[in-house]
Amino acid sequence: MIRRRAFLVLVCGLAGLTAAVLGSPIAQAEEPVQKVVRVGFVDPQSRSTSSLRYPTVFWEHLRELGYVEGQNLVIESRWADARPDRLPALMADVIGRKVDVLVTFGTPAALAARNATSTIPIVVAAMGDPVATGLAASLARPGGNLTGLSMGYAEGTSGKWLEILKEAVPRLSTVSLVMNTANPLEQQLERELATVAAAHHLKLQVIDGRESEALERAFELAQRKAQAVLVLVDPVTNTHRKQIIALAARVRLPTLY
């Protein structure tokens, strides 16, 4: 759910990316591109399981602007393979390649990028609330070297998830919450869900789903102790989305993901 402020952040993000990659877009729009631009790209997912088309669209649009890989564009791509602990090293590796701009996706990756450099422009394709997670001082004046798109949820969205599950399961008493417990955005959502759950007399069973094996155990535990499952969106859970769908079908539990 993209709110108006998210749209404004997206506009700022695109403007920042254009400036970082192209220098002066107005002045250079009709001039041959001479400088070789180096773009660092770090995806927290894997190359084979990435759920987003944005890398392809991004490269295509750069070609439309006259930037062709192997000619005047160098792309330093890295993939964390759904292992958030690898992000700091990957960011450091890309920055060591002297990139002109760093592009990434998701709140954990944004934090890793911001911690890795305070000078190279960073563009984040999607992140949680940048103010709440400390990535920006404010939406009006973010400060620093990071911009991008905020996919912040509208107030009350997390409560709606529980309401939907309660409608689907009239005798609902326990919901298994599968999440990446290291993701600051999901930590924020967990706190909101806990408040809503208490108001509806529901118990939340929090399960860390960062590993494929953990997801197997999560759904086995949910089958024994819960009547429904809620999976929070995250680059890690996105990577394992096919497994999550199969596990939900296997244990025959209403699952919202």
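Up top is the structure these notes are about.
Residues numbered from 1 in each chain as written. Predicted model: local features only at pLDDT ≥ 70, side-chain atom pairs only at ≥ 80, totals over all residues. Heavy atoms only, no water.

### Quick word on the overall build of the protein chain
Move 1: Secondary structure summary: the protein chain contains 10 helices and 9 strands in total.
Move 2: Expressed as a percentage of the 257 residues in the protein chain, the buried residues total 48%.
Move 3: Of the contacts formed within the protein chain by residues at least 6 apart in sequence, a portion of 70% connects residues at least 24 apart.
Move 4: When the accessible area of the protein chain is evaluated, it comes to approximately 13,100 Å², of which 55% is carbon and sulfur surface. (Helix = DSSP H or I, 4+ residues; strand = E, 2+ residues; numbered from the N terminus. Buried < 20%, exposed > 50% of the residue type's maximum accessible area, 1.4 Å probe, protein only. Contact = heavy atoms within 4.5 Å. Areas by Shrake-Rupley, 256 points an atom, 1.4 Å probe, with all protein chains shown as cover.)

### Quick look at the nonpolar core
Move 1: Grouped together as the largest cluster of nonpolar side chains are 20 residues, with contacts concentrated most on Val-42, Met-91, Leu-102 and Leu-146.
Move 2: For this core, the elements supplying multiple residues, two or more each, are α4 (87-95), α5 (107-116) and β4 (122-127).
Move 3: In contact with Leu-146, not counting residues within four places along its chain, are Ala-110, Arg-114, Ile-122, Val-124, Met-127 and Leu-135.
Move 4: Val-175, Leu-202, Leu-204 and Leu-232 belong to the second-largest nonpolar core, a separate cluster that totals 18 residues. (Core = buried A, V, L, I, M, F, W, Y, C linked by side-chain atoms within 4.5 Å.)

### Some remarks on α4
Move 1: Restricting attention to buried positions, one finds in α4 the residues Leu-87, Leu-90, Met-91, Val-94 and Ile-95. Mapping the buried residues of α4 onto a view down its axis gives an arc of 130 degrees, with all of them on the same face.
Move 2: Where the residues of α4 are buried, they touch β1 (37-43), β2 (73-79), β3 (101-104) and α5. (Arc of directions from axis to C-beta.)

### Some words on the side chain of Ser-158
Move 1: Here Ser-158 is to be found in helix α6 (residues 157-168).
Move 2: The class for Ser-158 is buried, based on a relative accessible area of 4%.
Move 3: Apart from residues no more than four positions distant in its own chain, Ser-158 is found in contact with Glu-192 and Leu-193.

### A few points about the sheet that holds β4
Move 1: With respect to topology, 5 strands assemble into an open sheet ordered β2-β1-β3-β4-β5, the strand pairing being parallel. What marks the edges here is a single partner per strand, and that holds for β2 and β5 (146-150). When the angles between neighbouring strand axes are averaged without regard to direction, this sheet yields 15 degrees.
Move 2: Relative to β5, β4 runs parallel, the two sharing 4 bridges. Each residue of the ladder has a partner; that of Met-127, found in β5, is Ser-150.
Move 3: Docked against the sheet, α5 engages β3, β4 and β5, running at close to 160 degrees with respect to β4. (Pairing = 2+ DSSP bridges. Axes fitted to C-alpha atoms, helices over the stretch in contact; angles between N-to-C directions.)

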